[in-house]
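# Architecture at a glance
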Amino acid sequence: MLRLENLTCGYGQMRAVHGLDLEVPAGGVTALVGANGAGKTSTIMAVAGHVAIRSGRVLVDGQDLTRRPATARVGAGVAIVPEGRRLFPDLTVEENLIVGGYALPAARTPPNRERAFALFPRLAERRRQRAGSLSGGEQQMLAIGRALMTEPRFLMIDELSLGLMPKMVDLCYEALASLKTTGLTVLLVEQNTARVLAVADRICVLESGRAVWRGTAAEARADPRLIESYLGEREAPALP
Amino acid sequence: MLYLNLFLQGLAQGSIYALIAVGLTLVYGLLRILHVAHAGLFALGAYISVTVTNATGSFPLAVLAAVAITGLAGMAIYRLLYEPILDRPPFVALIASIGLFIAMEEAFRLAFGPYGLSYAVPPNMETITFGGLFLSRAQILLMVVAALLLGGLGLLTERTRTGVAWRATVTDPPMAQSFGIDIVRVRYLSFFIGSALAAVAGVMISLINNLVEPTMGSVPSYKALAIIVLGGLGSVKGTLVAALALGVIEAFGTIYLGNLLDRDAIAFAFLILVLMLRPHGLFGAR
Ligand SMILES: Nc1ncnc2c1ncn2[C@@H]1O[C@H](COP(=O)(O)OP(=O)(O)OP(=O)(O)O)[C@@H](O)[C@H]1O
Ligand SMILES: [Mg+2]
């Protein structure tokens, strides 16, 4: 689904990611983990077209998006739930969803909106409320709903649980699990190790803009040293 | 009755301000540029209206030409002046804009002479009196046109997909792009609409005064800047209210403070007062 070939990207002179190779196969959840500043957000934003790519290639379904503008990514089936959510705060819940569906014919908006409301009934109750006045968890739901309005085949989520109350984290992960069953491909950035090990099929560990470990979630669970050195700082993994 | 009449006169003047200031707000919202040259487009619209009417004898044709040419001129200003310097600090664009505004005034002087132009056949704009109220035909026309155009713009931004996309682009351009919104097209559209509305204001002023002059944009240029600050910079709704409020306050002020302060001084005293009490404008939150 997504293939990064020797990707180097950054801000001005600064390089945040150095020659990253990453393969995200179709279907399932691939987690991108690593310490603060490892380059997870930069990688996602480079795929979204918002961070300058210095060298290497970004391929989605074999289509080379490296030099395409950010507006072209949605047409390739790529959607994003960005770090900090970045909703349109002065727009209502419904209007945020309209923007989400902007790239598709207007007639697609109502059914897709109903699907987002079915996934997150709380959003339906607050459809006329300003997005900026929602709670953190509701905002995350809306960010996911907005991304789903694009009818994505590949969804990138940056920090799904960060700053949310446990109840909201549960709701978001339930939604992710249900999206997974629809065959959607997900690239997930998540700091909560227990959640990563529970939901991810594959894991890639970044350190200082380089991939230092790749494998399946089962392999990660079986590697106590890996968990200790890269994943374990925050929370003990809940082993099944 | 005097109060009501003053109020209506103020609304008429406020409508002119609103038609001009909305374009400034659209540009500021999208690009964070203080588009001073916008007032030059207001004068351009007025000049086109008078010259085309005098040349062809058709006022409707002149209005069409003024709106279309001024709208396109606004797009050209974006493309040729602002787009190349978008990644520079905002004062660069401000200086460029002031420079263009001065150049436009000089261009009007060179092309049409320093003394101004009038319609060859003066438009029938006599004052109408009813029930103790007196307003000129031009003022009534102005208020109707402004209400229709600005109301239409309000509906466009609040009720349509394009309007929602426009508001999304104002708050977060990169995210808007991620959902397929072509932000360059949004900018062209905003420059066209804003400039066309300024042209309408120019046409209306040309009817009311039956005179267009090279420097007719000077006072509106700084007053419109004051209005968008009052309106909370970038808020269309705030700008409309601030424009109308300023028109009304000037109308009352010239009666009650007229021998103390002139019209423009009253406007700026009001601006300073509001900014002292509400530093982010009448409606500004941030
Ligand atoms: N806008 C920016 N301008 C300059 N440098 C930046 C910018 N954003 C991030 N960086 C730098 O790029 C590097 C990678 O940052 P990035 O945000 O990709 O890390 P991250 O893995 O997402 O971290 P976190 O877990 O804190 O979100 C860091 O050194 C960071 O300081
Ligand atoms: Mg990050």
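The following paragraphs examine the structure supplied in this document.

Thresholds, definitions, all that
Residues numbered from 1 in each chain as written. Chains lettered and ligands numbered in written order. Predicted model: local features only at pLDDT ≥ 70, side-chain atom pairs only at ≥ 80, totals over all residues. Heavy atoms only, no water. Contact = heavy atoms within 4.5 Å. Buried area = accessible area lost by both parts, 1.4 Å probe. Salt bridge = Lys/Arg side-chain N within 4 Å of Asp/Glu carboxyl O. Polar contact = N/O pair within 3.5 Å; in protein donor to acceptor, adjacent residues only side chain to side chain. Helix = DSSP H or I, 4+ residues; strand = E, 2+ residues; numbered from the N terminus. Nonpolar A, V, L, I, M, F, W, Y, C, P; charged D, E, K, R; others polar. Donors = N, O, S within 2.8 Å, 3.2 Å for Na, K, Ca; no water. Near = heavy atom within 4 Å. Areas by Shrake-Rupley, 256 points an atom, 1.4 Å probe, with all protein chains shown as cover. Phe/Tyr/Trp six-rings, centres within 6.5 Å; stacked < 30°, edge-to-face > 60°. Buried < 20%, exposed > 50% of the residue type's maximum accessible area, 1.4 Å probe, protein only.

The next thing to look at is the interface of chain A and chain B. Of the residues lining the interface, 27 residues belong to chain A; the matching set on chain B comes to 18 residues. Three residues, A:Arg86, A:Phe88 and A:Tyr102, lead the burial of chain A against chain B; their summed loss comes to 31% of the area buried on that side. The tally of links between chain A and chain B comes to two salt bridges. For B:Asp172, the salt bridge is made with A:Arg86, and the minimal N-O distance between the two is 2.9 Å. The interface formed by chain A and chain B includes seven residue pairs in polar contact (both at pLDDT 80 or more). The biggest single contributor to the side of chain A that touches chain B is helix α3 (residues 93-100) of chain A, with four residues. Looking at the side of chain A that touches chain B, its residues break down into 17 nonpolar, six polar and four charged.

A separate point is the coordination of the magnesium ion (ligand 2). Distances from the magnesium ion (ligand 2) to its protein donors, A:Thr41 (OG1) and A:Glu83 (OE), fall at 1.9 to 2.2 Å. Of this pair, A:Thr41 sits in helix α1 (residues 40-48) while A:Glu83 sits in the loop between β6 (78-81) and α3, and the two are 42 residues apart along the sequence.

Another aspect to go through is the site of ligand 1. Residues and elements named next belong to chain A. Taken together, 14 residues sit near ligand 1, with Gly37, Lys40, Thr41, Ser42 and Glu83 positioned nearest. Within the backbone of Gly37, an N or O atom sits 2.8 Å from an oxygen atom of ligand 1. Glu83 places a polar side-chain atom, nitrogen or oxygen, 2.7 Å from an oxygen atom of ligand 1. The protein chains hide 62% of the 640 Å² of surface that ligand 1 would expose on its own. Secondary-structure elements contributing two or more residues to the shell around ligand 1 are β2 (14-24) and α1. Looking at which element gives the most residues to the shell around ligand 1, the answer is α1, with three residues. Looking at the shell around ligand 1 residue by residue, the classes come out as five nonpolar, six polar and three charged.

Residue and element names in this part refer to chain B. Per the counting criterion, the structure on display carries eight aromatic pairs over all chains. Here the aromatic rings of Tyr47 and Phe112 are separated by 4.6 Å at their centres, their planes lie at 20°, and the arrangement is stacked. Separated by 65 residues along the polypeptide, Tyr47 in helix α2 (residues 38-56) and Phe112 in helix α4 (residues 90-112) bring together distant segments of the chain. Residue Tyr47 is classed as buried on the basis of its relative accessible area, which comes to 1%. A relative accessible area of 30% means that Phe112 is categorised as partly exposed. Aromatic ring contacts, followed pair by pair, group Tyr78, Tyr82, Tyr188 and Phe191 into a single cluster.

This next bit is on the side chain of B:Asp264. Residue and element names in this part refer to chain B. Here Asp264 shows up in helix α11 (residues 263-277). Within the structure, the side chain of Asp264 is placed 2.5 Å from the side chain of Lys223, a separation counted as a polar contact. Excluding anything up to four places from it in sequence, Asp264 contacts Val219, Tyr222 and Lys223.

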